[in-house]
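Given next are the chains, with one letter for each unit.
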Amino acid sequence: MSLGLDKTTWQRVTFGDVVQNVNETVKDVAAAPIDRLIAMEHMEPGELKIERWGDTANGTTFTRRARPGQTLFGKRRAYQRKVAYAEFEAICSGDIYTFEADETRMLGEFLPFLVQSDPFFDHALDTSAGSLSPRTNWRDLADFEFELPPLDEQKRIAELLWAIERHRRRLRREARAMTGATNVRLAEMWDEDSVKRPIADIADCMTGSTPSKVSAEYWEAEDVPFYTPSEIEADTMRPARQRVSFAGAATGRALPEFAVAVACIGGDMGKSAVIREPGVSNQQITSIVGLDESDAYLVQSLLAHPRGRQAMEARETTTIVRKLNKSDLMRVELPWPADRNALQRLIAARRVTSAAIELELDSLRQLRSAAATEVFGGN
């Protein structure tokens, strides 16, 4: 993709020439007509929209004011890439800069994409100081140099990038709506007086084991996936980061396609995913086996639902480290009616829709990245 940019008319400027760091404070936050509070944890890396915030009524030591149209930048731990576009008035953390463009030279709607760019973040990282919680200061950010398009070209670029951003937001709303509707139906299944059966009556379970690290032959070849809880990030198991030889896999228990892997120890306890590529797992995973594809994804959805997580937590062993033994997992009861066709179709529809949305979101990420690189430079 090419934007057909003619950069011969662009002017090299420093950030401080065209942007002001507005350090407006509110002396009495409790008396101010501002009820929203933005802290660093409310800003999501890579996301311009702020969708979570605190309440000033709960008290705060923050006094910096953020106004709609300002670009917010997290100066602490800049490597987290926290940039947001303020769409409402709020009180924000002192670790958040509030940038305003000089509208005679730069459009406010162009600014957030500049601040999101790789060259700006590289500069912020290079000028950050401190070991545990590095921060970059305004004086150094103001020295950042870049090529600034004329206002009419800024408008064209900003319109394109905001169109991509709005489309991304719409897709994310659709994904949340689909997930929400599915979770409502699953919650109804938990609440209804429908048949609930222990996992032991539905399928078999097996606990993984790690091939001996002493035997180099087990780890020299990459024949079979070796799964750990770190691959459990969605409803389907991520590709294994490690693989073992056939000999190494033979020392463990083979997991077939459509096994439901459940993390059963530590902070990952309760996470689950369906395995699509047969392999083996470590001992931190207990897998539910003997299901077909439809039932496997139904079991995974029931376990991933808050009610499912609660059902597992109710049976975990109370020790220093959270643990769910194989025998206890098998006792977890799930809603399991004889006729599961409607539920299976619901889960399948959610998966198809989610996959299509994720594919489109990935295309938009690539499009936005390519456009930003052409405009601002970087990798």
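Each remark here, short or long, concerns the structure printed above.
All values reported here derive from a predicted model rather than from experimental measurement.

## Regarding the sheet that holds strand β16 (residues 272-274)
Backbone-to-backbone hydrogen bonds join strands into a sheet, with any given pair of strands oriented parallel or antiparallel. One open sheet accounts for four strands, arranged β12-β18-β15-β16; its pairing is antiparallel. If you trace the sheet from one side to the other, it starts and ends with β12 (204-207) and β16, each paired once. Pairs of neighbouring strands in the sheet enclose a mean axial angle of 25°, with direction left out of account. With four bridges connecting them, β12 and strand β18 (residues 285-289) associate as antiparallel partners. Bridging across to β18, Thr-207 finds its partner in Thr-286. Against the sheet, helix α9 (residues 293-304) makes contact with β15 (260-263), β16 and β18, and its axis sits at roughly 165° relative to β16, the strand it touches most.

## Regarding the environment of Pro-134
Residue placement: Pro-134 occurs in the loop between α3 (118-126) and α4 (138-142). Assessed through its relative accessible area of 14%, Pro-134 is described here as buried. Separated by 121 residues in the primary sequence, Pro-134 and Leu-255 place their C-alpha atoms 45 Å from one another. Among all residues touching Pro-134, those that are not within four sequence positions of it are Lys-75, Arg-76, Arg-77, Tyr-79, Ser-128 and Ala-129.

## Some remarks on the nonpolar core
Among the nonpolar cores identified, the biggest contains 36 residues, and Phe-15, Phe-73, Phe-99, Met-106, Phe-110, Leu-111 and Phe-146 are the most heavily contacted of them. Contributions of two or more residues to this core are made by α1 (15-18), β7 (83-85), β9 (96-101), α2 (111-116), α3, β10 (145-148), α5 (151-191) and α12 (341-376). Ignoring any residue separated from it by four or fewer positions in sequence, one finds Phe-15 in contact with Phe-99, Leu-111, Leu-114, Val-115, Phe-120, Trp-138, Leu-141, Ala-142, Phe-144 and Phe-146. In terms of nonpolar packing, the next biggest core, distinct from the first, is built from 30 residues, Leu-186, Met-189, Val-299 and Leu-324 among them.

## A few points about the packing of aromatic side chains
Following the criterion strictly, the structure yields 15 aromatic pairs and no others. Summarising the aromatic geometry, the rings of Tyr-85 and Trp-162 are spaced 5.1 Å apart at their centres and angled 65° between planes, so their arrangement reads as edge-to-face. Taken together, the residues Tyr-85 in strand β7 and Trp-162 in helix α5 connect sequence positions 77 residues apart. Of the two residues, Tyr-85 and Trp-162, both sit in the buried class.

## A look at the sheet that holds β9
Spatially, the four strands line up as an open sheet ordered β2-β9-β6-β7, and their pairing is antiparallel. Bordering the open sheet on either side are β2 (19-21) and β7, each of which pairs with just one other strand. Each neighbouring strand pair of the sheet contributes to a mean axis angle of 30°, computed without reference to strand direction. Note that β2 and β9 share three bridges and pair antiparallel. Each residue of the ladder has a partner; that of Gln-20, found in β9, is Glu-100.

What counts, and at which threshold
- Residues numbered from 1 in each chain as written.
- Predicted model: local features only at pLDDT ≥ 70, side-chain atom pairs only at ≥ 80, totals over all residues.
- Heavy atoms only, no water.
- Pairing = 2+ DSSP bridges.
- Helix = DSSP H or I, 4+ residues; strand = E, 2+ residues; numbered from the N terminus.
- Axes fitted to C-alpha atoms, helices over the stretch in contact; angles between N-to-C directions.
- Contact = heavy atoms within 4.5 Å.
- Buried < 20%, exposed > 50% of the residue type's maximum accessible area, 1.4 Å probe, protein only.
- Core = buried A, V, L, I, M, F, W, Y, C linked by side-chain atoms within 4.5 Å.
- Phe/Tyr/Trp six-rings, centres within 6.5 Å; stacked < 30°, edge-to-face > 60°.

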